[in-house]
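Residue-level structure breakdown
Listed below are the residues making up each chain.
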Amino acid sequence: MKKIAVFASGTGSNAGKIIEKFREHSTISVALIVCNKPGAGVLQIAERNKIPTLLIDKEKFFRGNGYVDELKQMGIDFIVLAGFLWKIPGALIKAYPKKIINIHPALLPNYGGKGMYGQFVHETVLANKEKESGITIHYVDEHYDNGDIIFQAKCEIMQNDTPGSLAERIHRLEHDWYPRIIEELLVK
Ligand code: GRF
């Protein structure tokens, strides 16, 4: 079994779809949800699905060794970020080379970087009168939204789109593609 840890700190809709996809999978399982926010929606999703959770502490994450010991002890092979806003420390990247991926709700390299998350991304895309947006799945390095791109999917921007309506369309793309791309990467 390849064991995934999903790092998420928000509502966790992507985490939910990933859990669903691998619930009965023969070679891949979601073994852990890592979260930095007590009360985050993703914790309830984990509980409903009986998946262990690890609530992490900022000091230990950045000044310690990025929870590498805990993750290795649990046999985690692969890390999936799904709405996790902290930068990933070097120790963790070194321990999991090319084994940490993220999803970003825009077409990188545009509309990424520090502060570019959630509604801010969609507001900026709309303000710039872009004709399309989309999702980017990429490897994680020590900079925000910077690692090699694995996959992108596009969607059209409608004339009457609001940040909310665009976010919804993008979420649908994420839910469709993220679980599938994870599977492709892990069954290789
Ligand atoms: C997604 O839009 C993802 O692209 C971004 O954070 C959001 C998480 O949403 N990195 P959810 O918590 O999975 O609903």
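Scoring rules and cut-offs
Residues numbered from 1 in each chain as written. Predicted model: local features only at pLDDT ≥ 70, side-chain atom pairs only at ≥ 80, totals over all residues. Heavy atoms only, no water. Helix = DSSP H or I, 4+ residues; strand = E, 2+ residues; numbered from the N terminus. Buried < 20%, exposed > 50% of the residue type's maximum accessible area, 1.4 Å probe, protein only. Pairing = 2+ DSSP bridges. Axes fitted to C-alpha atoms, helices over the stretch in contact; angles between N-to-C directions. Contact = heavy atoms within 4.5 Å. Parallel < 35°, antiparallel > 145°, perpendicular 65-115°, else oblique. Left-handed = near helix turned anticlockwise from the far one by under 90°. Nonpolar A, V, L, I, M, F, W, Y, C, P; charged D, E, K, R; others polar.

A word on unusual backbone geometry
For the bond from L108 to P109, the omega torsion is 15°, close enough to zero to count as cis. Topologically, P109 is positioned in the loop between strand 5 (100–104) and helix 6 (119–127). A positive phi angle, near 55°, is found at K98, a position not held by glycine. Considering the arrangement of structural elements, one finds K98 in the loop between helix 5 (90–95) and strand 5. The backbone of K129 shows a phi angle near 55°, a positive value even though the residue is not glycine. One can find K129 in the loop between helix 6 and strand 6 (132–139). A relative accessible area of 69% places K129 in the exposed class.

Some remarks on the sheet that holds strand 1 (residues 2–7)
The mixed open sheet is built from seven strands, whose spatial order is 3-2-1-4-5-6-7. Pairing within the sheet leaves two strands with one partner each, and these edge strands are strand 3 (53–55) and strand 7 (149–156). Averaged over all pairs of adjacent strands, the angle between strand axes in this sheet comes to 20°, irrespective of strand direction. When strand 4 (residues 78–81) meets strand 5, the two strands line up parallel, connected through three bridges. Bridging from a neighbouring strand, I79 pairs with I100 of strand 5. Where helix 1 (residues 13–22) meets the sheet, it contacts strand 1, strand 2 (28–35) and strand 4, and its direction lies at approximately 155° from that of strand 2.

A look at the packing of helix 6 against helix 7 (residues 163–187)
Contact geometry of helix 6 with helix 7 gives a least axis separation of 9 Å together with a crossing angle of 115°. By the angle between their directions, the pair helix 6 and helix 7 is classed as roughly perpendicular. Viewed along their axes, helix 6 and helix 7 form a crossing whose handedness is right-handed. Taken together, the residues of helix 7 that come into contact with helix 6 (itself represented by Q119, H122, E123, V125 and L126) are P163, G164, L166, A167 and I170. Each residue belonging to the contact of helix 6 with helix 7 can be placed in one class, and the counts come to six nonpolar, three polar and one charged.

On their own, these measurements won't tell you what the molecule is for.
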